[in-house]
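For reference, the chains in residue letters:
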Amino acid sequence: MKNTALTDVHIALGAKMVPFAGYNMPVQYEGVNAEHETVRKGVGVFDVSHMGEFFLRGKHALDLIQRVTSNDASVLTDGRAQYSCMPNDKGGIVDDLLVYKIADEHYMLVVNASNIEKDWAWISKHNTFGVEMENASDAYSLLAIQGPKALEALQPLTSVNLSEIAYYHFTIGEFAGIKDVIISATGYTGAGGVEIYVKNKDIRHVWEKVFEAGKAFGIKPIGLGARDTLRLEMGFCLYGNDIDDTTSPLEAGLGWITKFTKDFVNSTTLKLQKEQGVSRKLVAFEMQEKAIPRHGYDIVDEKGVVIGKVTSGTMSPSLGKGIGLGYVPVAYAKVGSTIWVQIRKNQVPATVVKLPFYKS
C-alpha cells in the first residue's frame, strides 16, 4: 500500500486511515457529518494526492487527447480545464478525467488513483502520434481546499487573485512562497474553493501555511468519507461506482461530454447508441421514508422485480434524507417516477429527482 507525502501528518492528527485505491488514506477525523458541514459552511482541506497526473507534450498532444477522450479538447484555451472521459472499445468507460491545457502542445491529465496504470497503458497504446508522455503521479501532491470561506482564507498566501479563477479554469503562480504551483477551480464538492498541485518536496510547507492562513476561518482537515457525501449531494459520478468499464457515457448522463464533432475511440458505436436511444439510465433518487440506500442494494419495481442496483447511496448530511444514484430501465427514469430500494426485507419507495440533490 502506498502512502502520500502527508500520511504521517494525518495519523498524527488522529485520522482513521483506510486502504483506498492502493493508498493509505484518511477517511475521517472527527466524523463524516461534522466534516461535511465544515466544507458546506466554512473551509476544509482534503489530501487527494493519490490522484494521477500525466503530462503530454508535443506537436500532436491535442491529437492524442482528441483520440482517447470523448469531449472536444480543441475548444480549450490556455488556463482552462475540461471534464471528460475515455471510452473503451466495448461501449464502457476506461476512466473519467480532467484535461488541463497549460499551453499549446502542453497538457495535464488528472486521472483517478485506482486507474493510473490502466489509464497510462490505454493512452500509451493509442499514442501513435509520437507524443512525449510523462507520468508524474508519484512526484505531485494535491490538496483540495473547499468551502465558501476557502478563497478568503487562502488569498494572503498568493498574489494571484483567487476570486478571478473561474470554474474549470486554472493558473500557475506562486503560492505559500512556492513557485510554479498549479491553482485550479475544478472542485468535486459544489462548495467552491481551489485545488493546489505542488511537488511532494513542498507539500508539508504548503499544508502548514494553509492551516495557518485558515485558522481564523475554522479550517479543518477533511477525510474521504465527507468527500463522498459532498460529491453525491451534487450528483457527481464516482468511477468504480456510478461509471465503469461496462457503463456507457450516454447511459450515465454524460452525453454533454460526448462530442460527435470528432472521431474518438468507439465514437461510431456511441453515436449509434445516441441515435437509437439507451435502454437504461443512471438516475438520482430520494427516499420517501427514513432509510439509507447503500451501494449494491437492489432497485425493484412495484411488483418487487429487480430492475437495477444502487451505485451510490448515503444519508445526506445537508438534506437529512436518504439519497442515491442507480441504473434503471428508461421507463423508470423520468423525474417524478417511483422506484423501490430493497433494504433487507423491506421495499422502500423512492422518487426519481433532478440533480443536484443539494442546491446552495
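Residues numbered from 1 in each chain as written. Predicted model: local features only at pLDDT ≥ 70, side-chain atom pairs only at ≥ 80, totals over all residues. Heavy atoms only, no water.

Draft legend 1. How the structure looks around unusual backbone geometry. The linkage connecting L355 with the following residue, P356, adopts the cis geometry, with an omega of 0°. Relative to the helices and strands, P356 resides in the segment after β19 (346-353). A positive phi angle is found at Y168, which is not glycine, with a value near 60°. When you line up the elements, Y168 lands in the loop between α5 (150-154) and β10 (170-175). The backbone of D180 shows a phi angle near 60°, a positive value even though the residue is not glycine. (Helix = DSSP H or I, 4+ residues; strand = E, 2+ residues; numbered from the N terminus.)

Draft legend 2. The side chain of K101, seen in detail. Topologically, K101 is positioned in strand β6 (residues 93-103). On the accessibility criterion, K101 (9% relative accessible area) is buried. A distance of 2.7 Å separates polar atoms of two side chains, one belonging to K101 and the other to D104. Filtering out sequence-adjacent residues up to four positions away, K101 remains in contact with L76, T77, D78, G79, R80, H106, Y107 and F170. (Buried < 20%, exposed > 50% of the residue type's maximum accessible area, 1.4 Å probe, protein only. Polar contact = N/O pair within 3.5 Å; in protein donor to acceptor, adjacent residues only side chain to side chain. Contact = heavy atoms within 4.5 Å.)

Draft legend 3. Structural view of the UniProt feature "domain: GCVT N-terminal" (unreviewed entry) in the protein. Residues annotated by UniProt as "domain: GCVT N-terminal" (unreviewed entry) correspond here to residues 6-262. As annotated, residues 6-262 comprises 25% helix and 31% strand, and the C-alpha atoms at either end are separated by 41 Å. (UniProt positions renumbered as here; feature names shortened; annotations may be inferred.)

Draft legend 4. How the structure looks around the pairing of β19. Relative to β19, strand β14 (residues 280-287) runs antiparallel, the two sharing 4 bridges. Along β19, the bridge assignment pairs E286 with T351. Sheet analysis places strand β18 (residues 338-343) next to β19, joined by 6 bridges and oriented antiparallel. Residue pairing for β19: I339 is matched across the bridge by A350. Two successive antiparallel strands, β18 and β19, enclose a turn made up of 2 residues, where R344 displays a positive phi of approximately 55°. (Pairing = 2+ DSSP bridges.)

Draft legend 5. Structural view of the pattern of salt bridges. Taken as a whole and judged by the stated rule, the model has 18 salt bridges. Two residues, R57 and E132, come together in a salt bridge whose shortest N-O distance is 3.7 Å. Remark: E132 occurs in strand β8 (residues 132-135) and R57 occurs in strand β4 (residues 52-57); sequence separation between them is 75 residues. Under the relative-accessibility criterion, R57 is labelled partly exposed at 25%. Residue class for E132 comes out partly exposed when judged on its relative accessible area of 48%. Between D245 and K118 there is a salt bridge; the shortest N-O distance is 3.3 Å. Highlighted residues: D245 in the loop between α7 (224-234) and α8 (267-276) and K118 in helix α4 (residues 116-125), separated in sequence by 127 residues. Beyond isolated ion pairs, a larger network of salt bridges with shared partners links R57, E132 and E134. (Salt bridge = Lys/Arg side-chain N within 4 Å of Asp/Glu carboxyl O.)

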